[in-house]
Structures are given as structure tokens and as C-alpha cells.
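Coordinates in review
Okay, here's what each chain looks like letter by letter:
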Amino acid sequence: MKLLERLQNPSADSLSGGLPHDDFVMLDPAVEVLDVEIAEHRLLSHRYFETGMVVPPGDGLMDFVTTLINEPVNLTALRAQFDDQHIVDKMLASLRQHGFMHVTSQARPSVEQLEHLRSIAERARTSTLRRSIVIDLDAESSIEQISTRLKDEIHPPELLLCCAQLADHKSILGELARLRQTGITRMHQTVVQTRHLPCDRELRRSLVRLGASLYLDRISWPVPNHPIPGLEEMVSDCVAVHLIMTPDLSILNTTERARVLTWAASAFISGLCLRLDPEALWPVSDAGEDDFVAIFNAVRAIENTLGDVLILDLPSDEVLLGHAASSTPPVGLSDFAKRFRAAYLRWRLPLLKACENDNSWSQVPEVEDKLVRAQEDLIPNHPELLLLKPGSIVVDVCGGLGRVARRLSPSVGKDGLVISVEMFRCLSDLARRFASERNFTNLHFRPGLAQRLALPDASVDAAINEWTGGIWELGLGPSMVKEMARVVRPGGRIAITHRLVQLHLASLAQPWVQYNEIYDWIRKACVHPDLTIIAERIWGQIVPSLVGEHASLWRKQYMPRLINPFDVIYRFDDSPDTRADVYLTIIAQRQ
């Protein structure tokens, strides 16, 4: 049986290459093959580790997976069924690496044996995953204790600080901000969960330097009963504030959802953190899969309008994608709660897979830097076009993996701030990781929408958007520009960049144009009572060849794969002649 003919002689992974032929292997019983296809890809859901895996299209790949379901399979017999042993070893390695497969005895493992196998797999997985550190500031934790715990982590962790009142911890938050800004400690993300926001401007400034998001607890659903003290000051100083709410079944009501959306938008809330306890929603456990999905779809409807919604009781997207370890593994839960969580995985994993794209683009900074070279990038090399200076605050709209934010970082200095807003949470998470690894400390990465920036009027010095074709194709460009103009202070500037044309120098008579109307679209969007176009700049670069590049680095792939059909080196270009990209940047100033 042939597995995937486009892969030629990939090297076997050491995780499976060392398995004796007389070993037995099987999928973890918690692994489910989802009854859905996304662009011909199948999905596996692991209910215990709460993560997903992609099975690409290809002869024999799903057959290989189903062979491992239910009962242990002898490796000699397994390998005899397939032609390419290298690919077999690679798939075994991938399944084992992510905890989807165990090496067993000939008999199906008992409950105790399965628990032992999972503990082995969990230790192997978590050594490569980002972890969460939870600290109760009210329990008199010292800065030395927190700093030591941070330094003990292999990867910059998620730091969750809990306290009743922010103002009680001004000193420790200020010192944490200093340690982060000087590069002594690194955090992937810092969240401060509290019940009382009021504090002085110095502490709010420390929260900005710390890159912290505030989670305000115990807020009534669907809107607060009373004005929230300190909220206006926080959002005015560009601190991201999320409200922790516990909705009831009224979340299914569009009128109730509209109330929370209207209030959140008027208060410039960055997002919502929802607690969904199935046993509180359905006290007699009388709900089924359709009821669960209705709740998830209601949350999704809020997210589609607000831009940033988390469900605190369920695994985050980073856990589902295998980037972070789960802070609340599904142990000790009722069967009803377990069914609720399993339904969430079935619902959310296909949405995450749909965020991927097999078209050449990028998923690492090194590739982005080749697509748009730093020495050619207009605004970072000419920050005066946006009047940027040390201390400036810039919002990068549709920020993706953070290329623009990282390049603007030096222009605003350590006392400035670049807020990168990106619709896809998985991209914001990667951008945050890349910035943390490279020790950028003046960048904030926030999930959000271009057409609803969670920032107050006239709160930033400049706004920028680069090369987001989907915004214009979907007709959202005018709404985005309107929001950019709203958040920029009078006298501040906005810049919008898009590719006009790609020229094949060997055939100039046949240029490639993505959108014939892009120039007209951008100019019309800038026709706004508060904006005046002050410059149009044409610039460009020679496009690098893909020959010799590792293919998977140029693809949007975020979920672990059974095997990667793009795990190859490009041997030829679709268009091998020299090409040039020509870009347009339009700069407008707010009156």
C-alpha cells in the first residue's frame, strides 16, 4: 500500500526508529477521529491531552491511523502492510511525540497501565510546551520567589498573578516590569486577575511596561450592575482590560448578547473571559451535543463582533494546537463535564484548522524577513513619515506574526509602545512568542478586529496596516481606516500598504495583479472628514527564489501533523525568472 508518493525518502524520527520490531503500539483510547474534513484533511482529537492532530490527504494515511485503533498492533505486522518504512516510522514518531500513541504489551492496557503510559507521554510532551505559573500576590509572594520561578522555566511561561486589589501590589508589579524591560526575566504573557482596578498612573504605566492584560473578576452578566471604578483610566492608558463573566443560558438570546456587545464596545473593553460550567448551565445534566454546540456558537457570535473572547473553563487555542500545556487537565470531572469538553474539541479544532493555508506565505519571522526585506521596508526605515519618536504609541492593525511591530519597535524606544491587533488568536500567540524569544519589551499582541479596535478615541500617535488583502476583498477596508482615524490623535498619521503588482522581469507584458482596484479602494477609504492624504509612496524589492528553502516554513500550518507533505526542500520555482514586487503606501494625517 502506498502512503504519500510526493514524499521522497524522508529521514526516520529517532522516537520511532528505535522501536524494536516485536513491540506493540496502539492509539490512546481518548483519541477520536472527527467526522469532518477541512480542505480534504482529517482531524484527530485527543480528549485526555486536549489537543488536535491533522491527517493530510494521501493514499493510506487514514488507513494507517485506523489500524492503530482499539487494540495493540505488532510493529512487524504493521510495517508489512505499507511500502515505505521511512514514512511509517515518521508517522509513528509524530503520534508518539504528541501522546496520541503508546508502546504497549500485546494485551490492551488496563486502566492503571493506561494511566502510567499517559504519565510518561505527559512528561515527554510538557518538556517542549510552554507552561503556566499561577501566583497569589495576596499570599505575600516576594519578587525574589517570582523571579526564581520564572528563571526555572525552559520556555518563557504564561504568568497569572492574582490579587484582590491592584493598588496593594504597586511595588512588586513595578519591579516585575523593570525586570522584564531590562531582559532579566521573560514572560510569554502576563495576566493580572483582580477585583478592584483603581490605582495611580505610575502603576498603570508599570502594567504597560509589563505587557500585562487585566482580568477583572466577578462582573455580572450581561452588563455590570454599576460603573466600574478605574476602568476608564486603565483603557485611556492603553492597558488591555478583560471582564470575567459567568453567563447563563440567556447567552443563547441575541438580545442579551447585543447588550454585552454594546456595553463592551462603548467601554473599549479588550475582551471577555467567560466561565462556562455545564453543570450550572444544566443542573440536571439533561443537555446533549446539540445543546453544547449552541452555547459554543453563541460564544463564537460574540467573538465575531467583539474580537477577543476566551472560555476560561475550557482548553485555550494554544493548548489545542499543542503550543502550551493545559493548566486544568480533565481529571476528576463528572462524565457530563467530560462530554462537554469533548464536544468543545470537536467544535473548535475544525475552526483552528480552517485558519491554516497551504499557499506560500510564512509562519516564522525568518521567512517573513525574506518576503519583505528589512532594508526595503518603507515605514520602519522612514519613521518620520509617521512622525514616530521615542515614547510614541502605534497600533499595528492586522499585525499577523508581528513583522511590522518588531521593525517599528526601535523607532518608539523603550518608553514607547506598539500594539499589534490580529484577528486570529493563534497568530497573536505566535507573534508574542517570537517577540519574547527576541526580547522585545515594548510590543503588545492582542486578538482583535480591524473594524473594532479596542482603544479609546485619540489614544495613539499613529496607526499602520500592511498587506492584508482579505480586509479589502471582504469590503472591510473603509471600516478599518475609519477606526484607524478614530484612535489616532489630532496631528497623528496613518499608513496603509499593499502590493500593487508583481513583475516577472522576463515577461513584463504579463504582470501579476492580485487586486486591480487596490489603489482606488485605499484612496476612497481615506476620504474621511478627519483625514488628509499627505503622501503616496511607491517602493519595491526583488522577490527571493524559493529554490533551496524548506517548504513547510513558507506555509501557514499551526496544528501538529501526522506527517507533513511540505516537509521537503523546494527544488524548483513555479516562476523561476527574477520577479519584483511593487508596493503602494498611502499616508494620511488626522486633522
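What you are looking at is a predicted structure, and each value in this text was computed from that prediction instead of being measured. (Residues numbered from 1 in each chain as written. Predicted model: local features only at pLDDT ≥ 70, side-chain atom pairs only at ≥ 80, totals over all residues. Heavy atoms only, no water.)

1. Concerning the environment of Val 73
- Checked against the element boundaries, Val 73 lands in strand 5 (residues 73-74).
- Judged by its relative accessible area of 13%, Val 73 is buried.
- When the C-alpha positions of Val 73 and Arg 108 are compared, they lie 9.9 Å apart, and in sequence the two are 35 residues distant.
- Not counting the four nearest positions on each side in its chain, Val 73 is found in contact with Asp 23, Phe 24, Val 25, Thr 67, Leu 68 and Leu 78. (Helix = DSSP H or I, 4+ residues; strand = E, 2+ residues; numbered from the N terminus. Buried < 20%, exposed > 50% of the residue type's maximum accessible area, 1.4 Å probe, protein only. Contact = heavy atoms within 4.5 Å.)

2. Looking at helix 12 (residues 289-306)
- If you check helix 12, its first and last C-alpha atoms are 26 Å apart, about what 18 residues at 1.5 Å a residue would give, namely 26 Å.
- Buried within helix 12 are the following residues: Phe 292, Ile 295, Phe 296, Ala 298, Val 299, Ile 302, Glu 303 and Leu 306. The arc that holds every buried residue of helix 12, seen down its axis, measures 150°, which confines them to one face.
- In the core, the buried residues of helix 12 are packed alongside helix 10 (254-267), strand 12 (271-274), strand 13 (309-311), helix 14 (335-354) and helix 18 (425-437).
- Gly 307 lies just past helix 12 and shows a positive phi near 105°. (Expected span 1.5 Å × (residues − 1). Arc of directions from axis to C-beta.)

3. Things to note about the pattern of salt bridges
- This structure, assessed with the given rule, holds 40 salt bridges.
- For Arg 204, the salt bridge is made with Asp 237, and the minimal N-O distance between the two is 2.7 Å. With a gap of 33 residues between them, Arg 204 in helix 8 (residues 201-210) and Asp 237 in the loop between helix 9 (231-236) and strand 11 (240-245) connect regions that are remote in the sequence. Note on accessibility: Arg 204 and Asp 237 belong to one class, buried.
- Among the charged side chains, a network of salt bridges with common partners joins Asp 369, Asp 377, Arg 403, Arg 407 and Glu 466. (Salt bridge = Lys/Arg side-chain N within 4 Å of Asp/Glu carboxyl O.)

4. With respect to the sheet that holds strand 2 (residues 31-38)
- Pairing in this open sheet of three strands is antiparallel, and the strands run 2-3-4 from one edge to the other. One side of each edge strand has no neighbouring strand; the edge strands of this open sheet are strand 2 and strand 4 (51-55). Here the average twist between neighbouring strands, direction ignored, is 30°.
- Inspection of the sheet shows strand 2 paired to strand 3 (residues 41-46) by five bridges, in the antiparallel sense. (Pairing = 2+ DSSP bridges. Axes fitted to C-alpha atoms, helices over the stretch in contact; angles between N-to-C directions.)

5. A look at the pairing of strand 22 (residues 579-590)
- For strand 22, a buried count of ten out of twelve residues is recorded, marking the element as mostly surrounded by other parts of the structure.
- Note that strand 19 (residues 488-504) and strand 22 share eleven bridges and pair antiparallel. Each bridged residue has a counterpart across the sheet, and for Arg 499 the counterpart in strand 22 is Tyr 583.
- With twelve bridges joining them, strand 20 (residues 531-543) and strand 22 adopt antiparallel strand pairing. By the bridge assignment, Leu 531 is partnered in strand 22 with Arg 590.

6. Regarding the side chain of Arg 209
- Checked against the element boundaries, Arg 209 lands in helix 8.
- Buried charge Arg 209 goes without a salt bridge, the closest partner of opposite sign being Asp 415 at 6.3 Å.
- If near-sequence neighbours (up to four positions away) are discounted, Arg 209 is found in contact with Gly 174, Ala 177, Arg 180, Gln 181 and Thr 441. (Lys, Arg positive; Asp, Glu negative; His and termini not counted.)

7. Thoughts on the side chain of Glu 549
- You can see Glu 549 is positioned in the loop between strand 20 and strand 21 (555-556).
- You can call Glu 549 buried: its relative accessible area is 15%.
- Separated by 3.5 Å, the side chains of Glu 549 and Trp 554 make a polar contact.
- For Glu 549, the contacting residues outside a window of four places in its chain are Lys 370, Trp 554, Val 568, Ile 569 and Tyr 570. (Polar contact = N/O pair within 3.5 Å; in protein donor to acceptor, adjacent residues only side chain to side chain.)

8. Overview of the confidence of the model for the chain
- Overall, the predicted model of the chain reaches an average pLDDT of 92, with 96% of residues at or above 70.
- Counted against residues more than four places away or in other chains, residues 1-17, with its pLDDT under 50, gives 46 contacts. (pLDDT = per-residue confidence, 0-100.)

9. Things to note about the environment of Ala 107
- Tracing the chain through its elements places Ala 107 in the loop between strand 6 (101-104) and helix 5 (111-126).
- Classification of Ala 107 by relative accessible area gives partly exposed; the value is 47%.
- Separated by 36 residues in sequence, Ala 107 and Glu 71 have C-alpha atoms that sit 7.7 Å apart.

10. Considering helix 5
- With 16 residues, helix 5 ought to run about 22 Å at 1.5 Å a step, and its terminal C-alpha atoms sit 22 Å apart, in line with that.
- Buried within helix 5 we find Leu 114, Leu 117, Arg 118, Ala 121 and Arg 125. Projected down its long axis, helix 5 carries its buried residues within an arc of 100°, all on one side. Exposed residues lying more than 90 degrees from the buried face of helix 5 are Glu 112, Glu 115 and Arg 123.

11. Side note on the sheet that holds strand 10 (residues 212-216)
- One open sheet holds the seven strands; their spatial order is 7-8-9-10-11-12-13, and the pairing between them is parallel. Strands with a single pairing partner mark the edges of an open sheet, and in this sheet they are strand 7 (132-136) and strand 13. For this sheet the average axis-to-axis angle between neighbouring strands, irrespective of direction, equals 20°.
- Of the pairings in the sheet, the one linking strand 12 to strand 13 comprises three bridges and is parallel in character.

12. Considerations on a nonpolar patch on the surface
- Taken together, the side chains of Leu 505, Leu 508 and Ile 542 make up a nonpolar region of the molecular surface, amounting to roughly 270 Å² of accessible area.
- The residue Ile 542 is located in strand 20 in this model. (Patch = residues over 30% accessible without salt bridge, like charges linked within 9 Å, V, L, I, M, F, W, Y side chains within 5 Å. Areas by Shrake-Rupley, 256 points an atom, 1.4 Å probe, with all protein chains shown as cover.)

13. Concerning the nonpolar core
- Grouped together as the largest cluster of nonpolar side chains are 112 residues, with contacts concentrated most on Leu 166 and Leu 173.
- Considering every element that reaches this core, the biggest residue donor is helix 14, with eight residues.
- With near-sequence residues (within four places) excluded, Leu 173 lies in contact with Leu 137, Leu 161, Leu 166, Val 192, Leu 203, Ser 206, Leu 207 and Leu 210.
- Leu 385, Leu 388, Ala 431 and Tyr 583 belong to the second largest nonpolar core, which has 32 residues in total. (Core = buried A, V, L, I, M, F, W, Y, C linked by side-chain atoms within 4.5 Å.)

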